[in-house]
Amino acid sequence: MIDHRPIVKRTLLSALLIVVLSFGNKVSAQDGKTLFQENCASCHKVDKDLTGPALKGIEDRVKDKKLLHAWIKNNQAVIASGDPYFTKLYQQWNKTPMSVFPNLSDTDIDAILKYIADYKSPAPTGTPGADPSAPHGKMGESDNAILYGVLTLILAVVAFVMLQVNANLKRLSDEKEGIPSGEPVPFYRNKTYITLITLLLFVVGGFFVVKGAIGLGRQIEYQPEQPIFYSHKVHAGTNQINCLYCHGSAWEGKHATIPSVNVCMNCHLTINEYTGAPIHKEDGTEVDGTAEIQKIYAAAGYDPKAKSYTGKTKPVEWVKIHSLPDHVFFSHAQHVRAGKVQCQTCHGEITAMHEVKQVSELSMGWCVNCHRETKVDFNNDKGEGNKFYSIYEKYHHEIKAGTRDSVTVADIGGLECQKCHY
Ligand code: HEC
Ligand code: HEC
Ligand code: HEC
Ligand code: HEC
Ligand code: HEC
Ligand code: HEC
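Residues numbered from 1 in each chain as written. Chains lettered and ligands numbered in written order. Predicted model: local features only at pLDDT ≥ 70, side-chain atom pairs only at ≥ 80, totals over all residues. Heavy atoms only, no water.

## Focus on the overall build of the protein chain
Helices and strands together make up the secondary structure of the protein chain, namely 18 helices and 4 strands. Long-range pairs, those at least 24 residues apart, make up 63% of the contacts in the protein chain with a sequence separation of at least 6. Counting every atom, the protein chain has about 27,200 Å² of accessible surface; 62% of that belongs to carbon and sulfur. (Helix = DSSP H or I, 4+ residues; strand = E, 2+ residues; numbered from the N terminus. Contact = heavy atoms within 4.5 Å. Areas by Shrake-Rupley, 256 points an atom, 1.4 Å probe, with all protein chains shown as cover.)

Set out below in structure tokens:
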């Protein structure tokens, strides 16, 4: 019998390596997108000017990688240093300040830059209202999957050929030395190959089953049509109505509830037609804002002609977009009020969306990653910050002693299972 063991070992190792590598790549590509959405998307798009310039081709405009990193971390310092390119850019953008990002590591920035470099604009559909950032993420991912599939196949064929060659060589050398070799076994009956193929199918199959199972019930990019075409862009964007005016319970408690029609009527008792900029749905059709406002009256049981309430109300059946499984505890107040996390960090640039779209994955990894990275408002010696944290004496001592410079959510127990799970 021919001893295949060393080859088998090596093949298995390289197969493992391929799997690990492709997982690793997925993670960093995803992180770049997430980081971009969390930190930059409020002002930048890749392919369009927003509050800040379109970032496409940035690495061609700013060839000095160090300078680019310095700019993203602390643009104020770069402007202060008088760098000619950025000083001019700053003038061109009417001295609109960009935020500073001291928390972003070089790897984070590289991930963001990679996301920008790999970004492909979606095929133009001619819909003015369409959000160009929408379909791309999925496309990029499936492209990668195909690439890895093909690569794995090629490597598998190469490995197979090598094994055959090796077996033949071994037989030849055995014959030369006069060692009798057994009957050659055709490859499809060779136990080694059968084992290998079974293992491979098991790994690949398992990967997709697990991936599919985890994805069940998740609905990133979910953007259902609502019974009234209520635009966040018109209200929270153009008209700058504070989120908490309608979602005040996000400040008070666990849920950020949807306002009742009475809240709408506070304004729409008088605003009975829409005269703002034309609104287009994702599919390009124009929305008749005035007709949509009439739906509020139908729901509130208000007769705009008689200017009186009829008492015949019909609650609006808004479609819920974000939802966590029942076994997860999540509190808005904890994040918005205690944690001072902006709504946009988790919900994306709502003020630029006509219809709300879920931009975050709402997966456990998403929660946990943020808890690992985000610093809490730890009160310092000057008595600033959240007083509640004075119970963490150990950290105060460490900060005083200079062995610690910040406290993350993870440090205060934000990774403990029972904090998030009932
Ligand atoms: C508060 C809005 C804002 C945020 C948030 C923001 N930027 Fe900017 N950014 C700007 C503005 C405005 C400019 C134009 C220069 C200026 O006025 O400061 C700019 C310029 C840039 C430039 C130079 C563009 C060019 O064409 O040369 C880069 C690169 C950049 N930003 C990257 C980022 C990255 C990466 C993030 C997220 C980590 C980010 N920005 C977050 C507003 C922002
Ligand atoms: C004038 C009232 C109003 C204001 C102001 C407002 N919203 Fe809303 N919001 C609504 C209504 C009505 C819905 C339900 C319909 C929908 O999903 O578009 C909603 C839905 C949402 C949802 C989706 C809820 C779900 O089903 O998962 C999010 C997230 C949201 N709003 C965030 C915000 C943020 C962030 C702001 C501030 C930038 C804001 N809203 C300002 C009225 C308002
Ligand atoms: C704080 C005041 C205010 C509140 C509260 C308010 N709106 Fe509006 N709404 C406006 C303004 C201002 C406009 C724009 C009018 C214009 O530009 O002609 C508008 C426009 C609209 C329009 C037409 C444009 C569009 O978004 O399609 C609809 C529909 C609408 N509102 C629905 C609602 C609903 C539903 C609620 C309750 C969830 C609500 N509004 C609450 C002030 C308000
Ligand atoms: C740390 C991330 C995070 C922040 C910050 C955040 N949300 Fe949410 N939001 C969520 C999650 C997660 C859900 C789904 C909650 C669920 O299903 O229990 C959600 C759900 C909602 C909903 C649907 C109703 C509900 O509570 O289930 C609305 C409306 C909403 N958020 C508005 C807001 C507004 C307005 C702000 C800012 C004042 C805000 N959110 C800040 C993560 C966040
Ligand atoms: C954008 C960052 C961010 C995301 C995303 C996020 N959190 Fe948090 N979370 C925080 C911050 C900041 C705090 C600390 C608030 C404070 O100071 O009390 C916190 C605190 C908590 C706490 C209290 C922890 C403790 O030790 O008291 C729970 C529970 C929690 N988060 C659950 C969740 C869940 C569940 C999700 C995902 C659905 C989530 N968080 C997503 C930033 C985040
Ligand atoms: C910061 C909040 C948070 C912490 C801490 C946390 N989880 Fe989760 N967990 C979640 C969320 C959110 C989901 C729902 C994910 C989804 O719907 O895909 C989840 C889902 C799960 C699931 C269901 C499988 C899945 O991925 O959907 C299991 C099992 C689980 N968590 C176990 C744990 C264990 C064990 C720990 C402690 C080591 C833990 N969790 C800590 C937020 C958390």
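## Here we look at the site of ligand 2
Taken together, 21 residues lie around ligand 2, and H232, C243, C246, H247 and H322 are the ones closest in. In the model, a nitrogen atom of ligand 2 is placed 2.8 Å from a nitrogen or oxygen of the H232 side chain. Take H322: an N or O atom from its main chain is 2.6 Å from an oxygen atom of ligand 2. Elements with a contribution of two residues or more to the shell around ligand 2: α9 (232–238), α10 (243–246) and α15 (343–347). When grouped by side-chain class, the residues that make up the shell around ligand 2 number 13 nonpolar, 7 polar and 1 charged. (Near = heavy atom within 4 Å. Polar contact = N/O pair within 3.5 Å; in protein donor to acceptor, adjacent residues only side chain to side chain. Nonpolar A, V, L, I, M, F, W, Y, C, P; charged D, E, K, R; others polar.)

## Considering the coordination of the iron atom of ligand 2
Bound to the iron atom of ligand 2 are the protein donor atoms H232 (NE2) and H247 (NE2), situated 2.0 Å from the metal. Around the iron atom of ligand 2, the 6 donor atoms are arranged such that angles at the metal cover 88 to 179°; this shape is classified as octahedral. Placement of the pair is H232 in helix α9 and H247 in the loop between α10 and α11 (249–252), with a sequence separation of 15 residues. (Donors = N, O, S within 2.8 Å, 3.2 Å for Na, K, Ca; no water. Tetrahedral: all angles 85-135°; square planar, octahedral: opposite > 155°, others 65-115°.)

## What about the coordination of the iron atom of ligand 6?
The protein atoms that coordinate the iron atom of ligand 6 are M364 (SD) and H421 (NE2), at distances of 1.9 to 2.1 Å. Between the 6 donor atoms coordinating the iron atom of ligand 6, the angles at the centre fall across 86 to 179°, so the site counts as octahedral. With M364 in helix α16 (residues 364–373) and H421 in the segment after α18 (417–420), this pair connects stretches of sequence that are 57 residues apart.

## Examining unusual backbone geometry
Unlike most non-glycine residues, Q240 shows phi in positive territory, near 50°. Within the secondary structure, Q240 is located in the loop between α9 and α10. For Q240, a relative accessible area of 67% translates into the label exposed. Backbone geometry at K340 places phi at a positive 55°, although glycine is not the residue there. (Buried < 20%, exposed > 50% of the residue type's maximum accessible area, 1.4 Å probe, protein only.)

## Observations concerning a nonpolar patch on the surface
Residues V157, F160, V161, V165, L169, L172, F187 and Y188 make up a contiguous nonpolar surface patch of about 770 Å² in total accessible area. Assignment of secondary structure puts F187 in the loop between α7 (136–176) and α8 (191–215). (Patch = residues over 30% accessible without salt bridge, like charges linked within 9 Å, V, L, I, M, F, W, Y side chains within 5 Å. Salt bridge = Lys/Arg side-chain N within 4 Å of Asp/Glu carboxyl O.)

## Considerations on the confidence of the model for the protein chain
Overall, the prediction assigns the protein chain a mean pLDDT of 81, with 83% of residues at 70 or greater. Within the model, the stretch residues 20–27 combines pLDDT values under 50 with 6 contacts to residues more than four positions away or in other chains. Here residues 125–140 is modelled with pLDDT under 50, and outside its nearest four sequence neighbours on either side it reaches 27 contacts, counting other chains as well. (pLDDT = per-residue confidence, 0-100.)

## Quick notes on the packing of helix α12 (residues 261–268) against helix α13 (residues 289–300)
In the contact formed by α12 and α13, the axes pass within 10 Å of each other and the chain directions differ by 125°. Relative to α13, the element α12 is oriented oblique. Seen from above, α12 lies across α13 with left-handed handedness. Contacts between α12 and α13 involve V261, C264, M265 and H268 from the first element and I293, I296, Y297, A299 and A300 from the second. Across the contact of α12 with α13, the residue classes break down as 8 nonpolar, 1 polar and no charged. (Axes fitted to C-alpha atoms, helices over the stretch in contact; angles between N-to-C directions. Parallel < 35°, antiparallel > 145°, perpendicular 65-115°, else oblique. Left-handed = near helix turned anticlockwise from the far one by under 90°.)

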